[in-house]
Structures are given as C-alpha cells and as structure tokens.
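Now for the letters of each chain:
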Amino acid sequence: MLTTALRNVLAHKARLLMTVLAVCLGVAFVSGTLVFADSTAAAQRAAASRDFADVAVTVTGKDPAVPAASSAPSVLTDALARRIADVPGVAAVRPTADGAATLNAADGTPLRVKRGANRAAAYEPGRHPLVEGRAPAGAEEIAVDRGTAAAGRYHLGDTVTLATDGPALTARLVGIVTTGDTRVTAGGTLTLFDRATAQRLFAAPGQYTAIDVTAAPGTGQHELAERIEAAIPADRAEVTTGQAQAAQQAVYVGTLTRGYQKMPMVFAGVSLFIGSFLVVNTFTMLVSGRTREIALLRAVGATRRQVVRSLLAEAVLVGLVSSVVGFGLGLGIATVLPELLSGDGGRLPQGPLVIGARPVAAALFVGVGVTVLAAWLPSRRAARIAPVEALRAAVRPAGGSRVRPVVGAVLLLLGIGQLVSLAGSAEDASEENLRSAMLGCGLLVVALLVLAPVLAPPVIRLTGRPAGRFGPAGELARRNALRDPRRTAATAATLLISTALVSGLATIGNSTGQALDRQAADGLGADYVISTGDTMTGIDPAAAGRVAGVPGVRGTSAVADSTAVIGGRVREIAGVDPAGVEQVMRLDFASGSVRDLGPGRIAVSSTVARETGVGTGGRLDVRLGRSEESATYTVAGVYRDNPTARDAVGLRDEVQRNGYKPGSVQRILVRGDGVTADGLRTAVGDNPLLKVQDRAQLVREAAGTMGDLLTLMYGLLGIGAVIAALGIVNTLAVSVSERTREIGMLRAIGMDRAGIRRMIRLEAVMVAAFGTLLGLAGGLFGAWAVGALAGGAMDGYALALPWGTLALVCLGSLAIGAAAAALPARRAAALGPLEAVAEG
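For clarity, every value in this text was computed on a predicted model and none was experimentally measured. (Residues numbered from 1 in each chain as written. Predicted model: local features only at pLDDT ≥ 70, side-chain atom pairs only at ≥ 80, totals over all residues. Heavy atoms only, no water.)

Section: the overall build of the protein
Right, on to step 1. On a plain count of helices and strands, the protein comes out with 27 helices and 22 strands.
Right, on to step 2. A burial count over the protein gives 51% of its 840 residues as buried.
Right, on to step 3. Summarising the internal contacts of the protein: among those between residues at least 6 apart in sequence, 83% fall at separations of at least 24.
Right, on to step 4. Accessible area of the protein: about 36,700 Å², with a carbon and sulfur share of 59%. (Helix = DSSP H or I, 4+ residues; strand = E, 2+ residues; numbered from the N terminus. Buried < 20%, exposed > 50% of the residue type's maximum accessible area, 1.4 Å probe, protein only. Contact = heavy atoms within 4.5 Å. Areas by Shrake-Rupley, 256 points an atom, 1.4 Å probe, with all protein chains shown as cover.)

What follows is the structure in structure tokens.
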C-alpha cells in the first residue's frame, strides 16, 4: 500500500501541486517568522553585548532621572570616580552624562522617532568614532550619529534646533559619528555634546548621571560589583553589572520590535486555515476520481484500514514536500523581513540567520500535521467505498447528506442567537462579551461552510441567470456548477472565509474610524493644539502668553495633562481653567457643567461613569499624578466621551501641583482667524518637543490605529485570493479532465474554442460569486453584532459600510475566478473533437 501511495502521488502530481503551494504559504510564514524572531533576538543580544563590551560595572544615583532637580547634590562626582578608580580590580573609570534630546530636521519639522530613543550624551572618543568633522568643543556645538544626520538631512556646519527638557536651543553641527547602540540603530537618534555642556543639561556642573567601570583582566563583573558597593554610599548610589545592562537593553529593543512578529503569524494562521479546505477538496476529488481504483483494491483484499493508511501516506508525502519547500521560502522571508521593517526610521540589529530546532520542527509539524488532518475525512470516505463500485461504468457524484442541513441549521441558529443576544446587551461591552461575539462569528462562518453544499443550488440558480446572456456556454456553465454542489461549495470555501474576514474587519474599521473622527471633530472647538505628546514633558508657561500674542489668535487655554488612578485603573486627566475652556473645548455634559469644577471636584467621561458606577454628585477616590495618597473627589458632572478632554477634567492648578512636571502645562488650545502653524511654531521657539496640529491632523491622529487594521485586512485579502485561485484552478483542472468526452462532444456538434473557454470561465466566476456572497453575508452580520458591542463602549459609534472596499472585494473575487480559469479553459479549448472523444 505504501508503494501504491507513492505511485498515486507521482501520478497526480499536477493536481497535488496546488495543495503543496497552499500549504507552503502557511509553512513559509510560520517558519520564516520563527527564524526571523530567533535571528533578531540573537542579533539584539550580540549588539547589546558589544555596547557594553568594555563596561563591567555601572554606578548610578538612586534617582538618576532627576539629579539636577533633587534638593541634595548628586553623589556621582569626580571625587566618587577617583574613589572607584582606587578599588582593586578596576582598570578604568569613565564618568558619563546622558539624557534625551529631540531635534528639528533641516526643514524645521521635529525629528520624532518611531522606534528606539532620542539619546543624548557627552562625546567620548573611544565610544563614538568620528567619520566626518570633529568633536564638539563648546555649548554651541554638537555631533550626531550617521543615521540621525541622514534622517534629518543635516550637513556639517548646519545650525540645528534642539530641546532637551525645556526651551529650544540652537547649536552648530561639527561632527558625525558611528554608534553600535541598539537603542539608536533601532530607529532612535543620538546627539553628542562636550562634557561640560552634557553635565549642565542632564545633571549639574561637576556631576554625572552614571560612572562606567572597566574591569582589570582576571576580575569578574560580580566580584568587582561587590567591591565597588562596599566603597560607595549605598543609600545614594547603586551598582549594575554590564551583563545585566546588556540583557536589559536587549529586552528593551526586543520590546520595540516584537510587534513585527505578530502580523506574519496572523497571516500564517489564516493561510493554513484556508489552505486546509483546499487540501480537503483536493483529496476529496482524488478519492472521487479513483473510486473504481479504490474499489478494485478492496475487491482484491485491501482492508478499510489499509485504504485509510494509503491516503494518509499520500498526505504525509505531500506534507513533507510542502514543509521542505515552505521552509525554504520561510528562510527567504526571514532574510528580507529586516530590510522591509527597517524602512521606517531605523534598522533592526543585523546578524546571520539563526536556524534552530524550533522553526524546523514547526515547519514539519505544521506542513505534515495540517495536510494529514485535512486528508483524514476524505480518507474515511474512501474506506467506505464498496468493492462493487469497481463494476460501475461511471462514477456518480456523492449524494447529499441528510445530516448536513440539520447540523448546519443548528450551528447557524446558535451563532445568530449568540450574536443577536450580545447585540441586545450592547451597554455591557466587556472583554468576556467580545470573546463571546468572536465565538458567535466563528459559529456563523462554520455554519455557512457546513450549509454551503445545501445553499449552492438555489444561490447559483439565482446568481447564474445573467450567464444566460452568453448563450449555450452560459447555460452549460451554470449546469456544470450545479453538477456537484459539494465540490462547488468546497472550492468556494476559501473565498467565503477570506471575504468574511475582510468584509467584517473593513466594516468594523470604517465604523470605528468614523466614530473617532466625529469624537475628535465634535469635542474640539480650537483651531490648533500645541502639545508635548506626553505627561513627563512640560511647555514653558511663558509660551502660552507668546501664543496669545500671535496675530489672529482670538483665544487660548492652557491644559495640564497628567495621570490619575480612578476606580482602580490608571486614566488620563486634563486640568483646565473653567473660565476659558468652553471656547476651545466642546464638552457635551449629560449632567452637571464645567463651571461646577472646583477644589476637590472633577468631571468624568461617560465611560468612566459607567465603569465606576458613579454619577454626578457621587464621590470617587482619586490619586493624581505623582502623589502617593488618594483623595476623595466629588463628581461635578458627566460628559460624553471626548478625546480632547481625556477621561476626566479637573482644575488646572490642582492637576499641576500633582503632575510629573509641577507648574507646567502639556497643551495649549488655540482659536483664531488666519493663524498659521508656522506662526504658532515660531511663538514657541520652534521647540522640537512640541507638536503644532490643526483640526484635520488631530482627526487623522485619532484614527491612526486604523492603518494597522487596513494592513491586516489587505494582507488577509491577498492570502485568501492566492489560495482561492489555487483552489479554483485545481477544481477546474479536475473538472476538465473528468469532462473530456463531454467537451469533445460539444466541439463535435459545433461549439468553437472560444465557447469552450467562455463556458469554463463563467463556471469559475459563478463559483467565486457564490463564495463571495456567503462571505459577505457572514462578515457583515458579524460586524453588525460586534459593532453593537463597540457602540456600547464608544460614543458616536454607528455601523458604516465601506462601500468602496466591499465593491473592491466583490470585483476582485470575480476577477480571481476569471483569472484562475484561464489555464484550465485554455487546456479544455485545446482538445480536438476526435481526440477528446477517444480519450474519454
């Protein structure tokens, strides 16, 4: 039987090729992602180790983040450096002063990083090799790394505007260096000052933020750390080994790049799931075409178990080939992924491919496992073929199952019932309900797959009517699609799944995006917003006055942003001046008013009110910003969710006192006529720490997360299209082979080659249309139910169909059907009448 299995694989290698390609896609994504992850992790560890190759121990202050603001001077001074240098086992001591600096690019726009960090430090010849120019020698000179120079389009001699944590500064670029710091090469920037300037900006004159220590030969890092700990004041300084810092840095960079592994894994899961239907369909067609052969094997003594083993052996062989080819493609994916993902502001750590046991095992498990599991059901059907089938002259399509409609109807009712019940409880948009909605969507799709053979005849009879305009070719195409509903349904399954996923995601994404747009537009009365982008950085309080003096400005309101623990969760709170905030911030109060704000009184969004169960007049325990104790606040009002107002609104002075930058503000809302972004940017000193955005930019930023959803959606559509095309090609190729005599007869009675091609293409388009219609029905219904839950958690949410995307999906699916039929149609048209009749 094993010999028979091998011969069958070789005999049907053309048909099995499509199956191999479909499974290859999933294997390639899985193995490629795992190899990429292992290779990137190894490169990160290697790069981090290189960064700290000459650092055995680093000494830092107990609160190094704000040493200059501390009431007590930092212990990290030249005196401590000399004391550490006298510790036995110390070869060298290198005090450093580093922090963060943001720069304006050559065109004046802030050079904001998408990954990495805006690093700044004192220039050190051994750590920062110069490639152009010279080292900075004064407060008005800087050097940058090569990547930063390219991103900012800087040249030696340029005047660069930058900011560390306050007003903007200007300096002349005098040097360009190279660096191996993975926090910079991962997409960050590096700005270098002379030592005195770095100390003044990030510590204090004569003080440092860290002291790096190199060990003498033969001295271990942990041994040296213990000696240094004994020599320094333990209450004001701490010691970390270089190995620990390298591990921390590798974890940090790994966190920045971990998201890149998720998208390929999603594609892998979808391609394997959709591809499994192609495997089932292929082996089902093989069993159907070899009914007499299998029956003859049964007649000569083969048992049911041997028949099952023979077909599963074929599946194993197909899976092994798919695994090997897919793993090779996966290595290609792992090779190109770093280059593709390094195109948005930085480069991933570079290194050789790391091929461990995990990706190899995953490729074999996925390729063989999916193929064998998918082939199990057809093999069971093959085992039920009776020996008497060998005596039949022709193979008849399998009859419809009586159990299928019942099972499909039960699953359909369960899925619809669960989604409708969840939609009715839209106010409770909990994670548990969202998971239940996902389960309901899954039940709905499975029900459509089970019912597809039952639904195929009525749907194709209805949708196939326009094919009658093409004459006999159209009518024959419709009848051919109806000839074997199970085969038609199995072929359409791949398009059904991909269309359901894409249409559902597109509808939810479009509805959510429009809701965010409305929230951002309706909640903001200002024409411009000047902001820092985080609560750890502040705007110079004098900047608000300068902005108010810009010609055309009719009103401004400064907002202090901070965090607040409300109801046991960390939320965002906006501190405002009730007297002037209404002209720049539109607050739609369900109860209370912004004028009711006062000491010990805050307003909360409808989401916070719903989650905490506290309304106007109620009391909440709130811990503001950096305060260590909670205080009881009275709820002065409840307003509709508003991204401009954040989760809660309080008095500005109260939020400022407890903020991370006491006395500062994080946003300035501006309203005026004829005001330009350039004018406002000039008023704040072209500070690169600040963003100046108009209403349109704020709306786009509010909906910015939809970009990832669109990428996922089109990726899923592409995968589904490729596998669906393979399935249609496979099915039509088998269909043409089975209908060789029929095609010959059609040629003999006068149908020309063009008519044959038209018939095959129309049949493929009907199958594609059937799968697309069922997928749209399932996807849109699921999107409605999930959207109803989203509406309970998001004010202004309403179902908004993305007509353009849906039309693109429909047209694309029909085009896939027509394109996939090209090769089988050409083969069918090439058959001559006598040749076809003789072959049949």
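Points about the packing of aromatic side chains
Right, on to step 1. Tallied over the full model, the rule gives three aromatic pairs.
Right, on to step 2. Taken together, a centroid distance of 6.0 Å and an interplanar angle of 65° make the contact between Phe193 and Phe202 edge-to-face. Phe202 carries the same exposure label as Phe193, and that label is buried.
Right, on to step 3. Ring centres of Phe781 and Trp784 lie 5.5 Å apart, and the angle between their planes is 45°; on these two criteria the pair is classed as tilted. Taken together, the residues Phe781 and Trp784, both in helix H24 (residues 753-793) and three residues apart, mark about one turn of the helix.
Right, on to step 4. Look at Phe781 and you get partly exposed, because its relative accessible area is 26%.
Right, on to step 5. We classify Trp784 as partly exposed; its relative accessible area is 35%. (Phe/Tyr/Trp six-rings, centres within 6.5 Å; stacked < 30°, edge-to-face > 60°.)

Some thoughts on the pairing of strand S11 (residues 210-215)
Right, on to step 1. Looking at chain direction, strand S1 (residues 57-61) and S11 are connected through four bridges and run antiparallel. Looking at S11, one finds that Val57 is bridged to Val213.
Right, on to step 2. Where strand S2 (residues 90-96) lies against S11, six bridges are found, and the strand directions are antiparallel. Of the residues in S11, the one forming a bridge with Thr96 is Ala210. (Pairing = 2+ DSSP bridges.)

Some words on the pattern of salt bridges
Right, on to step 1. Inspection of every chain in the model, using the stated rule, returns 21 salt bridges.
Right, on to step 2. Between Glu611 and Arg569 there is a salt bridge, and its shortest N-O distance comes to 3.0 Å. Here Glu611, found in helix H18 (residues 606-612), pairs with Arg569, found in strand S15 (residues 569-576); they are 42 residues apart in sequence, far enough to count as distant.
Right, on to step 3. Judged by its relative accessible area of 42%, Glu611 is partly exposed.
Right, on to step 4. For Arg569, a relative accessible area of 45% puts it in the partly exposed group.
Right, on to step 5. Ionic contacts of the salt-bridge type, sharing partners, join the residues Arg94, Glu124, Arg127 and Asp212 into one network. (Salt bridge = Lys/Arg side-chain N within 4 Å of Asp/Glu carboxyl O.)

Some details on the nonpolar core
Nonpolar side chains in soluble globular proteins tend to end up buried together.
Right, on to step 1. Formed by 50 residues in total, the largest nonpolar core has its most connected members in Ile460, Ile756, Met759, Ile760 and Phe770.
Right, on to step 2. A total of 10 residues in this core trace back to one element, the largest contributor, which is H24.
Right, on to step 3. Residue contacts for Phe770: discarding those within four places in its chain leaves Ala452, Leu455, Ala456, Val459, Ile460, Ala489 and Ala492.
Right, on to step 4. If you look at the next biggest cluster of nonpolar residues, it comprises 23 residues, including Val27, Leu272, Val308 and Leu312. (Core = buried A, V, L, I, M, F, W, Y, C linked by side-chain atoms within 4.5 Å.)

Digging into the pairing of strand S21 (residues 667-672)
Right, on to step 1. With respect to burial, S21 is a largely interior element, five of its six residues being buried.
Right, on to step 2. Direction of pairing for strand S13 (residues 528-531) relative to S21: antiparallel, over a ladder of four bridges. Its bridge partner being in S21, Ser531 is matched across the sheet by Arg667.
Right, on to step 3. When strand S14 (residues 553-566) meets S21, the two strands line up antiparallel, connected through six bridges. For Val559, the partnering residue across the bridge sits in S21 and is Arg667.

So far we have only geometry, and geometry alone does not tell us how the molecule works.
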